[in-house]
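As a plain string of letters, each chain reads:
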Amino acid sequence: MQDGGVRIFRLDRHVARFQRSAELLCLPQPPADMVAAMIRQLVELCVDDIPEAPGALYLRPSLIGTEENIGAAGAPSAQAMLYVLASPVGDYFSRGGQGLTILIEDQEQRSTPGFGQAKAGGNYASALRHVVKARKEHGADQVLFCPNGDVQETGASNFFLINDSQLLTKPLDASFLHGVTRDSVITLARDLNYEVIERDFTVAEVMDWIQTGEAALSGTAAVLSGVGSFVYKGVTYKVGDGSTGPNTRKLSDALRALQSGRTEDRFGWLS
Ligand SMILES: Cc1ncc(COP(=O)(O)O)c(C=O)c1O
């Protein structure tokens, strides 16, 4: 932080999503206070290992079912182990403003229509082979999953179309992960007088939008990272000049400034 202190970003919101994911996975739901206290305790223990902004301490509470019953494949585990992982991270999405390369996948889905909103290991495993293939065959950084043309999210972030006055993103439904960064970007964008449109949209609209506008990925690690090019049906389409666009940069800077204490925490997101 600017003041030399340490803060946790939107802890309550992350804990609520953790609990919701436990519910969807039929695991025992740990009390919010307990999860938050464990996280705070770990941060205190790691305080000397937290790098300067834009680095951070990445926190990952995890929950696994531990009931010892080999025959209970069809029954939920009544016991679970909760642990919290922490790791110092650098600004690993930053590439000096160079945009990301994203493969558009218009058939396959990342997860399932009802389970995409769970932050569960299986969802990452399910997307992984597509991401690995896109990297190998097209040098893509990520895959944008758009089953039957419905633009959802990438393997590890939410998706935005942006121009000088608007942001367009998919409305919350059960098919994709409800990013805390997504919500933060929307809040900041409204505050900066952008019109935020939450509605379903198609790959055809993405191709149309990028003729003049910008595209970006949002996530805890990505913050808000610009897309430099899309690969769709074997053809590469450049977005702008291939670097992060000015509106994406403006919104990303606003979020980073708030997270690092350079601007006032006017939404009460730091604790
Ligand atoms: C599949 C997926 N979607 C979206 C996100 C963005 O979520 P958040 O902004 O809470 O990091 C993530 C980040 O982990 C993700 O893995």
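Rules used in this analysis
Residues numbered from 1 in each chain as written. Predicted model: local features only at pLDDT ≥ 70, side-chain atom pairs only at ≥ 80, totals over all residues. Heavy atoms only, no water. UniProt positions renumbered as here; feature names shortened; annotations may be inferred. Core = buried A, V, L, I, M, F, W, Y, C linked by side-chain atoms within 4.5 Å. Buried < 20%, exposed > 50% of the residue type's maximum accessible area, 1.4 Å probe, protein only. Helix = DSSP H or I, 4+ residues; strand = E, 2+ residues; numbered from the N terminus. Contact = heavy atoms within 4.5 Å. Phe/Tyr/Trp six-rings, centres within 6.5 Å; stacked < 30°, edge-to-face > 60°. Pairing = 2+ DSSP bridges.

As recorded in an unreviewed UniProt entry, the chain goes by the name Branched-chain-amino-acid aminotransferase, listed as coming from Marinobacter algicola DG893. Word for word, the UniProt comment on the chain under Cofactor (unreviewed entry) is "pyridoxal 5'-phosphate". You can read under Sequence similarities (unreviewed entry) in the UniProt record for the chain the words "Belongs to the class-IV pyridoxal-phosphate-dependent aminotransferase family."

Let us now look at the nonpolar core. Judged by nonpolar contacts, the single largest core of 21 residues is most densely connected at Phe159 and Phe230. Secondary structure elements with two or more residues in this core: strand S3 (100–105), strand S6 (158–162), helix H5 (203–209), strand S9 (214–219) and strand S10 (223–232). Examining the composition of this core, we find that four residues originate from one element, H5, more than from any other. What Phe230 contacts, discounting residues up to four positions off in sequence, is Ile102, Ile104, Leu144, Phe159, Val206, Ile210, Ala215, Val235, Thr236, Tyr237 and Val239. In this structure, Phe160, Leu188, Tyr194 and Leu270 belong to the second largest nonpolar core, which totals 18 residues.

According to the stated counting rule, one finds four aromatic pairs in the structure shown. Centroid distance Phe159 to Phe230: 6.1 Å. Interplanar angle 70°. Geometry classified as edge-to-face. Residue Phe159 is located in strand S6, and its partner Phe230 is located in strand S10; the two are separated by 71 residues in the primary sequence. Across the pair, Phe230 and Phe159 agree in class, each one buried.

In this section: the pairing of S6. By the criterion of burial, S6 is predominantly enclosed, with five of the five residues buried. Burial along S6 is two-sided: Asn158, Phe160 and Ile162 facing one way and Phe159 and Leu161 facing the other are all buried. Relative to S9, S6 runs antiparallel, the two sharing five bridges. Within S9, the position partnered with Phe159 by the bridge is Leu217.

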